[in-house]
Amino acid sequence: MEITGIIAEYNPFHNGHLYQIKKIKEQGESLIIAVISGSFTQRGEAAIFDKWQRAKAAIKSGCDIVLELPFAFACRSAQDFARGGVTLLNRLGIVNQLAFGAECADLSILQNIALQLDDKAFQEKLHAHIASGLSYAQAISAALDLDSEIAMLIKQPNNILAIEYLRSLHLLNSPIRPLLIPRQGSGYHEEEITGSLASATAIRHALYRKENLSELKAVLPPASQELTRQILTSQLPQMNRLYLPLQAKLLTSDLSDLQKIYGITEGLENRILDHAKTADSWQKLIQAVTTKRYPTSRIARTLLYLLMGIDKDSIALFDQTGPLYARLLAASPQGKTILREIKAKSSLPLITKTSQYLTTTKRREAQTDLTPLEQMLRLDTLATELRQLTCEIKSPRNDFQQSPIFIR
């Protein structure tokens, strides 16, 4: 039997994700292990549902095991997000193939680009183009001197991630095989619900606007439909609830401390401080600080790093170690049967109880007194509670009390 890995956000789990799972199972019998972002997404936003809700919906929709991608990799650039997810799956020791979607249906084109990304001459050109103000995708295109058709391909978000997955598999010399499933339906950034395969962006917009809610039934599997009904009676996360804490952090921080924060380069701290004096919301600050050189997603993530006090040394350590644990969020009956195999073959500890690896008391100790694993896990627990601050109605779930969800 195949063991297939998926790296995703499931924010929320929708019919496009269900389509991917069905396509995997059409290839033959397979158990599916999904590695998902936790409390915050790769773009620096609070996940619309908490990680246990999203994990449960994924299990009910066909996944067998859902693990959390540590915040140290989940809330990062596409390159770091992909590297973290692929490394975690590779270290489990049982995954045979990695399934991913892409707008490009030709795996060889994506593999050819991925194989060139770590060439020394290419890297020099890439950094020069990024320094000139080009986006990552534009810089890759310019550095590789791609023809216009292929250059357009790598500007599409799923293609970029697919290339980074392939790159990571190559760098790790991983035995995991790639399984490309061409993306169907709406584009990644499409903001309107059309057909039965809408984008997660369109679904989130509908929920926040409380418009077109009747259309959600057509684009969400039953498990996610249930979540949308529940959340409409409570409160969606609002990033602006973090703006006052951010302003207080900026007001009370020394300039030298701000300069140590990961993502702060070339005087970016001054630009943030200046605009924080006049911007009246989290999103307005992001918009004001954003430039061609500093895209919106990077600024959003950097503001989170500022709030959480994540410095450059910490990220450098995590990049060196890679993910140091497999945190179990949920499992199906079939998934539960292979947990023992994971424990036997994985080079990572399988965490089912946070307090066995980090206590609430130890979490408050100086970073230098924590092991790298404890430091990494600490960020996951802080992110969970930070997401809670974005919600008017607080969830009773937290990392120290919530057990993995086992679906019967």
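Everything here concerns the structure above.
K.L.:
Before we move on, can you summarise helix α5 (residues 107-116) with the specific residues and values?
P.N.:
Among all positions of α5, only Leu110, Ile113 and Ala114 are buried. Buried residues in α5, looked at end-on, bunch into an arc of 100°, giving them a common side. For α5, the secondary structure elements touched by its buried residues are β4 (97-102), α7 (136-144), α8 (148-153), α9 (157-171) and β5 (177-182).

K.L.:
Explain the pairing of strand β2 (residues 30-37) to me, using residue names and the numbers behind them.
P.N.:
Of all 8 residues that make up β2, 8 are buried, and the element is covered over most of its length. Note on the crossover from strand β1 (residues 2-8) through helix α1 (residues 15-26) to β2: the handedness is right-handed. Considered for its hand, the β-α-β crossover made up of β2, helix α2 (residues 51-60) and strand β3 (residues 65-69) is right-handed.

K.L.:
Got a sec to walk through the pattern of salt bridges? Specific residues and values, please.
P.N.:
Applying the stated rule across the entire model yields 20 salt bridges. Ionic pairing is found between Asp319 and Arg76, a salt bridge with its closest N-O pair at 3.1 Å. Highlighted residues: Asp319 in helix α18 (residues 312-321) and Arg76 in the loop between α3 (71-74) and α4 (78-92), separated in sequence by 243 residues. We classify Asp319 as partly exposed; its relative accessible area is 29%. On the basis of relative accessibility, which here comes to 1%, the residue Arg76 falls in the buried class. With its nearest N and O atoms 2.9 Å apart, the salt bridge here joins Arg327 to Asp399. Of this pair, Arg327 sits in strand β6 (residues 326-331) while Asp399 sits in the loop between α21 (372-389) and β8 (405-406), and the two are 72 residues apart along the sequence. On the accessibility criterion, Arg327 (2% relative accessible area) is buried. A cluster of three or more residues bridged by salt bridges with shared partners is formed by Lys51, Glu68, Arg327 and Asp399.

Quick notes on the rules
- Residues numbered from 1 in each chain as written.
- Predicted model: local features only at pLDDT ≥ 70, side-chain atom pairs only at ≥ 80, totals over all residues.
- Heavy atoms only, no water.
- Buried < 20%, exposed > 50% of the residue type's maximum accessible area, 1.4 Å probe, protein only.
- Helix = DSSP H or I, 4+ residues; strand = E, 2+ residues; numbered from the N terminus.
- Arc of directions from axis to C-beta.
- Contact = heavy atoms within 4.5 Å.
- Right-handed = clockwise from strand over helix to strand, strands pointing away.
- Salt bridge = Lys/Arg side-chain N within 4 Å of Asp/Glu carboxyl O.

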